[in-house]
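# Fold and geometry: a report
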Amino acid sequence: MSTLDELKARCTSSFEQRFGASPSALGLAPARVELLGNHTDYNGGLVMAAAIDRFTLAAGRPVSTSSCRIHAVNYADDTEFSLRSIQRGEDGDWPNYVKGVVWAIQDAEGPELVSGFEMAVLGDVPLGAGLSSSASLEAAVGFFLLQAGLIQGRDGKRLGTDLSDATRMAFAKILRRSENAFVGVASGLLDQFSSLFGRADHAVYLDCRTLDHARVPLGDPGPAIVVCDSKTSRRLADGMYNRRRAECETVVTYFQSRGAESVTSLRDIELSQVEEHWDRLDPLGRKRARHVLTENDRVTRGVAALRAGDLEEFGRLMSASHASSRDDFENSSPALNALVEAAEAAPGFLGGKLSGAGWAGCSVNLVRSDQAGPFAESVRSAYSRATGVTPDIHVCHAADGARGLALA
Ligand code: GLA
């Protein structure tokens, strides 16, 4: 039995045990890694990511009342709320992510939920490791609701899971809104987009300003995507994330104050302008902007490299991205740098970088598929020698995006 089949069986049986009935629908959604474009998304920039074969699943069935009852298998915990009264819990409470999706769907123009539901959720996405376990939970819940026929559009028709790319994008934005406005985390669209648009052996590309997007083949056989967890805590990351957003903003404000009204984000500024005004720009803001603008360029070159079948070049761009995050965006850490250095010396390495917000959590590496085992061994021992900590290593592959399955 594949890991995914096992997860499906566990999710279904957990539902049955908890609610004493069979679930009729299941939503499942992958985690993601960011491959290129670090901290570009909220700067109107370009990003490349991949959905990976680590999943969150939500199995359940509609009920005839407005009550929503959820059992979280990983947490051995339950929550219950009414569609008509959705209260946010404490910061960091897992039910916020489920409630947020229900809240955001009903808050969006058009769709609404037709009734409450019972649902069990579980997953094998490492938590707090920078792999967007939260976006995969949101997307799994969203696709369960779609699959169960619980979401009704403005025209009175029930939405299903067979979504056009345009509707899929609109849904990704609703899920992002649940995280921004309900959970209270100011993340960009990258996470939800990747979880919804992923495809096996493909990277996904997104222009965060125009929402132009593409699925770009990683090759056949595709490389392994090896995620190495430094096992350092990400508690610091939230405050630093918002601080970096503000530092990027100083450069936008600078150009606006000089009459450049059309400048609304770093996307409207050229690297040459940053260099020209270097001495007058905020000393931190200008480095952050240089990182973001060179990242956008690396993404463009990365798409071209993959389309030309040049994985080596793509790997080099990933390593250059890490150097830029480390030196200009300053969101790496000694532990993440040690992980990336350990990877550089390991067999099959094509490229590697920190992933997601930074400061702690994981590195992501592109590795020749037949070398993934020796690569993992080599990084494990080199990082342990350098830091005294044994890293968790996850050998992953690019996976299909969020989807729904009928169970009954
Ligand atoms: C976090 C956020 C994303 C993105 C990355 C950095 O993962 O959730 O939206 O900003 O950081 O690229």
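Residues numbered from 1 in each chain as written. Predicted model: local features only at pLDDT ≥ 70, side-chain atom pairs only at ≥ 80, totals over all residues. Heavy atoms only, no water.

Packing of helix 2 (residues 95–107) against helix 4 (residues 165–183) brings their axes to within 8 Å, and their N-to-C directions diverge by 120°. The angle between the axes of helix 2 and helix 4 places the two elements in the oblique class. Relative to helix 4, helix 2 is oriented so that their crossing is right-handed. Every residue of helix 4 that contacts helix 2 at Asn 96, Tyr 97, Lys 99, Gly 100, Val 101, Trp 103, Ala 104, Ile 105 and Asp 107 is listed here: Phe 171, Ile 174, Leu 175, Arg 177, Ser 178, Glu 179, Ala 181, Phe 182 and Val 183. (Axes fitted to C-alpha atoms, helices over the stretch in contact; angles between N-to-C directions. Helix = DSSP H or I, 4+ residues; strand = E, 2+ residues; numbered from the N terminus. Parallel < 35°, antiparallel > 145°, perpendicular 65-115°, else oblique. Left-handed = near helix turned anticlockwise from the far one by under 90°. Contact = heavy atoms within 4.5 Å.)

Mapping Arg 288 onto the fold places it in helix 8 (residues 283–307). Among the residues examined, Arg 288 registers a relative accessible area of 3% and is labelled buried. When sequence neighbours within four positions are dropped, the list of residues in contact with Arg 288 reads Arg 244, Glu 247, Cys 248, Asp 328, Phe 329 and Glu 330. (Buried < 20%, exposed > 50% of the residue type's maximum accessible area, 1.4 Å probe, protein only.)

For the ligand, the set of nearby residues contains 13 residues, the closest of which are Glu 34, His 39, Asp 41, Asp 191 and Tyr 241. Here an oxygen atom of the ligand sits 2.6 Å away from a polar atom, N or O, in the side chain of Glu 34. Within the side chain of Asp 191, one N or O atom sits 2.7 Å away from an oxygen atom of the ligand. Burial of the ligand by the surrounding chains reaches 93%, relative to a free accessible area of 310 Å². (Near = heavy atom within 4 Å. Polar contact = N/O pair within 3.5 Å; in protein donor to acceptor, adjacent residues only side chain to side chain. Areas by Shrake-Rupley, 256 points an atom, 1.4 Å probe, with all protein chains shown as cover.)

Pairs may arise between side chains of opposite charge once their charged atoms sit close together. Within the structure shown, the criterion is met by 24 salt bridges. Among the ionic pairs, Lys 353 bridges to Glu 34, the shortest N-O distance being 2.9 Å. Of this pair, Lys 353 sits in strand 11 (residues 349–354) while Glu 34 sits in strand 1 (residues 25–36), and the two are 319 residues apart along the sequence. In this structure Lys 353 comes out as buried when scored by relative accessible area, which is 1%. When its relative accessible area of 3% is taken as the criterion, Glu 34 is described as buried. Ionic pairing is found between Asp 53 and Arg 54, a salt bridge with its closest N-O pair at 3.3 Å. Owing to a relative accessible area of 26%, Asp 53 belongs among the partly exposed residues under this scheme. One salt-bridge network, in which partners are shared between bridges, spans Arg 244, Glu 247, Lys 287, Arg 288 and Glu 330. (Salt bridge = Lys/Arg side-chain N within 4 Å of Asp/Glu carboxyl O.)

This paragraph deals with the pairing of strand 4 (residues 77–82). In terms of strand pairing, strand 3 (residues 67–72) meets strand 4 through six bridges, oriented antiparallel. Paired with Arg 69 across the two strands is Glu 80, which belongs to strand 4. (Pairing = 2+ DSSP bridges.)

On to the packing of aromatic side chains, then. Across all of its chains, the model carries eight aromatic pairs by this definition. Ring centres of Tyr 75 and Trp 94 lie 6.2 Å apart, and the angle between their planes is 15°; this geometry places the pair in the stacked category. Placement of Tyr 75 in the loop between strand 3 and strand 4 and of Trp 94 in the loop between strand 4 and helix 2 is noted, with a sequence separation of 19 residues between them. What makes Tyr 75 partly exposed here is its relative accessible area of 44%. Ring centres of Phe 143 and Phe 171 lie 5.8 Å apart, and the angle between their planes is 80°; this geometry places the pair in the edge-to-face category. On the criterion of sequence distance, the pair formed by Phe 143 in helix 3 (residues 133–147) and Phe 171 in helix 4 is long-range, its members being 28 residues apart. Across the pair, exposure class does not vary: Phe 143 and Phe 171 are buried alike. (Phe/Tyr/Trp six-rings, centres within 6.5 Å; stacked < 30°, edge-to-face > 60°.)

Time to look at the packing of helix 4 against helix 5 (residues 190–197). At a minimum axis separation of 8 Å, helix 4 and helix 5 run at an interaxial angle of 140°. The pairing of helix 4 with helix 5 is recorded here as oblique in orientation. At the point where helix 4 passes helix 5, the crossing takes the right-handed sense. Residue-level contacts link Asp 165, Arg 168, Met 169, Phe 171, Ala 172, Leu 175, Arg 176 and Glu 179 of helix 4 to Gln 192, Phe 193, Leu 196 and Phe 197 of helix 5. A breakdown of the residues in the contact of helix 4 with helix 5 according to their chemical character gives seven nonpolar, one polar and four charged. (Nonpolar A, V, L, I, M, F, W, Y, C, P; charged D, E, K, R; others polar.)

Here the focus is the domain arrangement of the protein chain. In terms of domain boundaries, the protein chain breaks down into domain 1 (4–219 + 399–404) and domain 2 (224–396). Computed over C-alpha atoms, the centres of domain 1 and domain 2 are 26 Å apart. Contacts between the two partners involve 37 residues from domain 1 and, on the opposite side, 46 residues from domain 2. Interface of domain 1 and domain 2: buried area, both sides summed, is about 3,200 Å²; carbon and sulfur atoms make up 60% of it. There are three salt bridges connecting domain 1 and domain 2. The interface formed by domain 1 and domain 2 includes 19 residue pairs in polar contact (both at pLDDT 80 or more). (Domains from an automatic or database assignment. Buried area = accessible area lost by both parts, 1.4 Å probe.)

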